[in-house]
Amino acid sequence: MIVFDLHCKDGHRFEGWFGSARDFASQKKRGLLSCPTCGDTGIEKGLSAPRLNMGAQEPKKPPQPAPAQKTPDMEGKDPFAVAQMLYSRMLDEILTKSEDVGKKFPDEARKIFYQESPGRAIRGQATQEEHDSLVDEGIPVARFPVPPADRLN
Ligand SMILES: [Zn+2]
């Protein structure tokens, strides 16, 4: 099949499908072609090159899947590795944005809570009892698994 860009004398443009260029000429000669808009039979081929339609012989391209919004370094990693990495990043975030007060953590957390020290993010160590007593006092603290030694500086 060949598709021609056709137009009538009034300039209405439309497409016509033909078995061949000769088919177009034949239909035009017999007055079978008419403008779908105004019915004019003075149909001419447009200047644009005819497009070939190869029908079923044309391999259909599979629809391209939309590129997934992934961070490149997560590509191809298993969910556990990704979770591990996210946790590690979160840890980095906490470690860079908080002040290390070491073993003074319980005292410092308490001071911040009672506004005796400037409010800020701190990190440090606390024993189980120290942690529990902070929680008992209603002081918001969070525990994290001990980071790898190289993160402790
Ligand atoms: Zn027309």
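Residues numbered from 1 in each chain as written. Predicted model: local features only at pLDDT ≥ 70, side-chain atom pairs only at ≥ 80, totals over all residues. Heavy atoms only, no water.

Q: When you look at the coordination of the zinc ion in this model, what are you seeing that I'm missing?
A: Tetrahedral metal sites with four donors have an ideal angle of 109.5 degrees; octahedral sites with six donors have ideal angles of 90 or 180 degrees. Only C8 (SG), H12 (ND1), C35 (SG) and C38 (SG) from the protein coordinate the zinc ion, and they sit 2.0 to 2.3 Å from it. Each of the 4 donor atoms around the zinc ion contributes to a set of angles spanning 101 to 116 degrees, which defines the coordination as tetrahedral. Every donor residue of the zinc ion comes from the same chain, spaced as C-x3-H-x22-C-x2-C. Of this pair, C8 sits in the loop between strand 1 (2-7) and strand 2 (13-18) while C35 is found in the loop between helix 1 (21-29) and strand 3 (44-45), placing the two residues 27 residues apart along the sequence. As far as burial versus exposure is concerned, C8 and C35 are alike and both buried. (Donors = N, O, S within 2.8 Å, 3.2 Å for Na, K, Ca; no water. Tetrahedral: all angles 85-135°; square planar, octahedral: opposite > 155°, others 65-115°. Helix = DSSP H or I, 4+ residues; strand = E, 2+ residues; numbered from the N terminus. Buried < 20%, exposed > 50% of the residue type's maximum accessible area, 1.4 Å probe, protein only.)

Q: When you look at the pairing of strand 2 in this model, what are you seeing that I'm missing?
A: Both faces of the sheet carry side chains from a regular strand, because those side chains alternate between them. On strand 2, burial follows the alternation: F14, G16 and F18 on one face are buried, whereas R13, E15 and W17 on the facing-out side are not. Inspection of the sheet shows strand 1 paired to strand 2 by 6 bridges, in the antiparallel sense. From the neighbouring strand, I2 faces strand 2, where its bridge partner is F18. With antiparallel pairing between neighbouring strands as the criterion, strand 1 and strand 2 make up a hairpin whose turn holds 5 residues, including G11 at a positive phi of roughly 90 degrees. (Pairing = 2+ DSSP bridges.)

Q: Sorry if this is basic, but what is going on with the environment of I2 here?
A: The topology assignment puts I2 in strand 1. With relative accessibility at 16%, the residue I2 sits in the buried group. For the pair I2 and A21, spaced 19 residues apart in sequence, the C-alpha separation works out to 7.4 Å.

Structural measurements only, silent on function.
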